[in-house]
Amino acid sequence: MAEKRTDAECMVIALEEAKLAFAAGEVPVGAVLVSEGEIIVRTHNRVEEWGDPTAHAEMLAIREGAQKLGTKRLSECTLYVTLEPCAMCSGAIVNARLKKTVFGAFEPRTGCCGSVFDLLDHAFLSSVPAVGGVMEEECAALPGRFFAEKR
């Protein structure tokens, strides 16, 4: 078993991925999938690069994690993502049965882990614990800068 990593340590890695997305002209969101302290996947948004509206960092991390681990049930994995997941990504998180989701910045317009909706903790779905606000200022700064430059 790998050494235990803190939420902040994992979020720093997710932020590195978000910076790669920013440099590539993508909405700067990064994600890291961790199991028992081991990084299974690190990735970032690739919507523009792939021309795929589902190529959000969270979706890519879950897909690749399931392939690498050989299972659709990622119940031993924690997902770290720099921005609160949207409805699509939150649905994938629930379906993957993740152990926990940790995100940085809250997304008041589209966030579905407590901001607009809380799809991870709903009576008709399997619940996935979520922790938001980890390194919130750092995680919010990158999308803020990205969209300010786009305007």
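All residue numbers here refer to positions counted from 1 along the written sequence of the relevant chain. Residues qualify for local features only when their pLDDT is at least 70, as the model is predicted, and side-chain atom pairs are given and counted only at 80 or more; totals for whole chains, interfaces and linings, by contrast, use all residues. Calculation of side-chain values draws on the structure's entire complement of heavy atoms; hydrogens and water are dropped beforehand.

Asker: How would you explain the overall build of the protein chain if you had to name every residue and give the values?
Answerer: In terms of regular secondary structure, the protein chain is built from 5 helices and 5 strands. For helices the rule is a DSSP run of H or I covering at least 4 residues; for strands it is a run of E covering at least 2, with both sets numbered from the N terminus onward. Reading the helices (α) and strands (β) of the protein chain from amino to carboxyl end gives α-β-β-α-α-β-α-β-β-α. This radius of gyration counts C-alpha atoms alone. The globule rule is 2.2 Å times how many residues there are, raised to the power 0.38. Taken over C-alpha atoms, the radius of gyration comes to 14 Å for the protein chain, in line with the 15 Å a tight globule of 151 residues would show. Viewed in the frame of its principal axes, the protein chain has a C-alpha envelope of about 40 × 35 × 30 Å. Taking all 151 residues of the protein chain together, the buried fraction comes to 44%. Accessible areas in this description were obtained via Shrake-Rupley with a 1.4 Å probe; residue shielding takes into account the shown protein chains only. As presented, the protein chain carries roughly 7,700 Å² of accessible surface, and 53% of it is formed by carbon and sulfur atoms. Each residue is placed in one exposure class: buried if its accessible area under a 1.4 Å probe, protein chains only, is under 20% of its type's maximum, exposed if it is over 50%, and partly exposed if it falls in between.

Asker: Tell me about the environment of Val94, and name the residues and values.
Answerer: Along the chain, Val94 turns up in helix 4 (residues 87-96). With a relative accessible area of 4%, Val94 lands in the buried category. Each C-alpha atom of the pair Val94 and Phe22 lies 27 Å from the other, and the pair is 72 residues apart in sequence.

Asker: Can you tell me about the side chain of Thr82, naming the residues and giving the values?
Answerer: Note that Thr82 resides in strand 3 (residues 77-83). According to the relative accessible area criterion, Thr82 is buried, its value standing at 1%. Look past the residues within four positions of Thr82 in its chain and what remains in contact with it is Met11, Ala14, Leu15, Ala18, Pro28, Val29, Gly30, Gly104, Ala105 and Cys139. Contacts were defined at the residue level, with two residues in contact if any of their heavy atoms lie within 4.5 Å.

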